[in-house]
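So you can see what is in the structure, the chains are spelled out below.
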Amino acid sequence: LEDVRISQAAHGVSVVELAKRNGTWGPVVPSARNRRITPNTPVEFSGPAASSPLLQTPAGNDPAGTVNNCSEGYTPWGTYLTCEENFNGYFGANDAAWTATPEQARLGFSSTGFAYGWHLFDDRWDLSNPNYTNEENRFGWVVEIDPNDPDAKPIKRTALGRCKHEGAEVVVGRGNRIVVYMGDDQRFDYIYKFVSARNYKRMLARGQSPLDEGTLYVARFNDDGTGDWLPLTTSNPALAGWSMDEILVNTRLAADILGATPMDRPEWTTTGPRQEVFCSLTNNTQRTVADAANPLAPNPDGHIIRWRDTRRHTGDRFRWDIFVLAKDTRVENGGDATYTFTDPDGLWADDSGRLFIQTDGGQPFGNNQMVVADSRRKEFKRLFAGISGDEVTGLAITPDQRTMFIN
């Protein structure tokens, strides 16, 4: 158990404060804000599923922890959103007779997980332990952290659904409503959007979180270049008989029923200055049948899709196109080796229409990298190359846009 605790302490989120001194960033500033948020840190749930029996265990243990934190988002009110991605791999089963339920199977739970072995010594992570039934349902959420308040518990926002969240791009839409775009990073999974119920400033003034009340949607990309945001709600006839907490805890299964478009590993989303939204689709070597939004079968190099919603991000319709197929930048396709890339992952669009693209995968022309594109002319240039075997990821920009932090 001591070894497991050491392993668990290495997972989760770090909050670190940096300062710019004499023109140079760092080192870390001694600060009360600096802290670790691990799988054993107390957390709380909020939103429509917060009190659901699906989030309660027979052991009655309090919710704790966050794991496999991937991409992020940040809110206009100064908090940080961290996304729990491959959380299934931390669980296992000690009982050889254990079998996954359909809900567990849809998220990839298995008896061995990623072979961390936590379940062998820490009962919370043992899927076959009846005292901890539903513990796995407490992971797979978007988690809100206030970096400036070390005493505030991280909050898991259930209104944003449960899946293998890759990121949470937050924008202010029509009527000052908060809109969050999210990718579910697995082959043949979906792109989601959340729209807050009301003007976010008024909600905050009343002590309400804009991330707790609203509508969650999943995307369907039509062959004619149009798209539909399908509401994941109890009023949708296709989900008759589902409760709201069932929809939010088992979001993938609900989206399956609605007929959302299975995508080629949706990862980061970002919004450009003309209300366009970009999503990186890293790759899908298992695809055998192409469709309009995923035009390659198989798709080993990935692509980036782009759309624009109606009603300034808050509508239920959109128009889309393919921004770039990564294979088309390859030298053998007439591309220039100075901007060849594959496996797009991290994305950020600035106010001038530049799109920054980070890669994670097999690079036929060198290491993983970051390139920048003129989103109108689709001209690409390499800015940064990593070391052998790395992933280039993470984008944080100072408000004056003079410094970019990447990993």
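Here the residue numbers are simple positions, counted from 1 along each chain's written sequence. In view of the model being predicted, local features appear only for residues whose pLDDT reaches at least 70, and side-chain atom pairs are presented and counted only at 80 or more, with totals across whole chains, interfaces and linings using the full set of residues. Each side-chain value is derived from all of the structure's non-hydrogen atoms; neither hydrogens nor water enter the calculation.

Side note on the overall build of the chain
This is how the line gets drawn: Per the convention used, a helix needs a DSSP run of H or I reaching at least four residues, while a strand needs a run of E reaching at least two, with both numbered from the N terminus. Computation of the radius of gyration draws on C-alpha atoms, with the globule rule given as 2.2 Å multiplied by the number of residues to the power 0.38. Classification of residues uses two cut-offs on accessible area relative to the type maximum, computed with a 1.4 Å probe and protein chains only: under 20% is buried, over 50% is exposed, and between them is partly exposed. Here a residue-residue contact requires only that any non-hydrogen atoms of the pair lie within 4.5 Å. Residue exposure ignores everything except the shown protein chains as possible cover, and the areas themselves are Shrake-Rupley values with a 1.4 Å probe. Charged residues are defined here as Lys and Arg on the positive side and Asp and Glu on the negative side; His and the ends of the chain fall outside this count. Taken as the charge location is NZ of Lys, CZ of Arg, CG of Asp or CD of Glu.
Within the chain, the secondary structure is distributed over five helices and 26 strands. For the chain, the C-alpha radius of gyration of 21 Å lies close to 22 Å, the compact-globule estimate for 407 residues. Dimensions of the chain, computed from the C-alpha atoms along their principal axes, are close to 60 × 60 × 50 Å. Residues counted as buried form 53% of the 407 residues belonging to the chain. Pairs at least 24 apart in sequence give 56% of the contacts found in the chain among residues at least 6 apart. Per element, the accessible surface of the chain, about 17,300 Å² overall, is 48% carbon and sulfur. Put simply, the chain has 42 plus and 53 minus side-chain charges, and the middle of one group is 8 Å from the middle of the other.

Description of a nonpolar patch on the surface
Rules: The residues that make up patches have over 30% relative accessible area and no salt bridge, and they are joined within 9 Å when like-charged or within 5 Å when they are Val, Leu, Ile, Met, Phe, Trp or Tyr. By definition, a salt bridge exists where a carboxyl oxygen of Asp or Glu is found within 4 Å of a side-chain nitrogen of Lys or Arg.
On the surface, a cluster of nonpolar side chains totalling about 400 Å² of accessible area is made up of Val16, Leu18, Trp25, Val28 and Phe405. Looking at the element boundaries, leucine 18 is found in strand S2 (residues 18-21). Note on leucine 18: relative accessible area 36%, which makes it partly exposed.

Observations concerning the side chain of arginine 265
Which entries qualify depends on this criterion: Here a polar contact means two N or O atoms within 3.5 Å. Within protein one must be a hydrogen donor candidate and the other an acceptor candidate, and residues neighboring in sequence count only if both atoms are side-chain atoms.
Within the fold, arginine 265 resides in the loop between strand S16 (263-264) and strand S17 (266-271). Side-chain polar atoms of arginine 265 contact the side chain of aspartate 185, separated by 2.9 Å. Ignoring sequence-local partners within four residues, the contact set of arginine 265 consists of Asp185, Gln186, Arg187, Ser280, Leu281, Thr282 and Asn283.

Overview of the pattern of salt bridges
Taken as a whole and judged by the stated rule, the model has 27 salt bridges. One salt bridge in this structure joins arginine 33 and glutamate 17, with 3.1 Å as the shortest N-O distance. Of this pair, arginine 33 sits in the loop between strand S3 (24-28) and strand S4 (35-37) while glutamate 17 sits in the loop between strand S1 (13-15) and S2, and the two are 16 residues apart along the sequence. When its relative accessible area of 33% is taken as the criterion, arginine 33 is described as partly exposed. Assessed through its relative accessible area of 25%, glutamate 17 is described here as partly exposed. Its salt-bridge partner being glutamate 276, residue arginine 306 comes within 3.8 Å of it at the nearest N-O pair. Of the two residues, arginine 306 is situated in strand S19 (residues 303-309) and glutamate 276 in strand S18 (residues 276-281); the sequence distance between them amounts to 30 residues. Arginine 306 gets classed as buried once you look at its relative accessible area, which sits at 14%.

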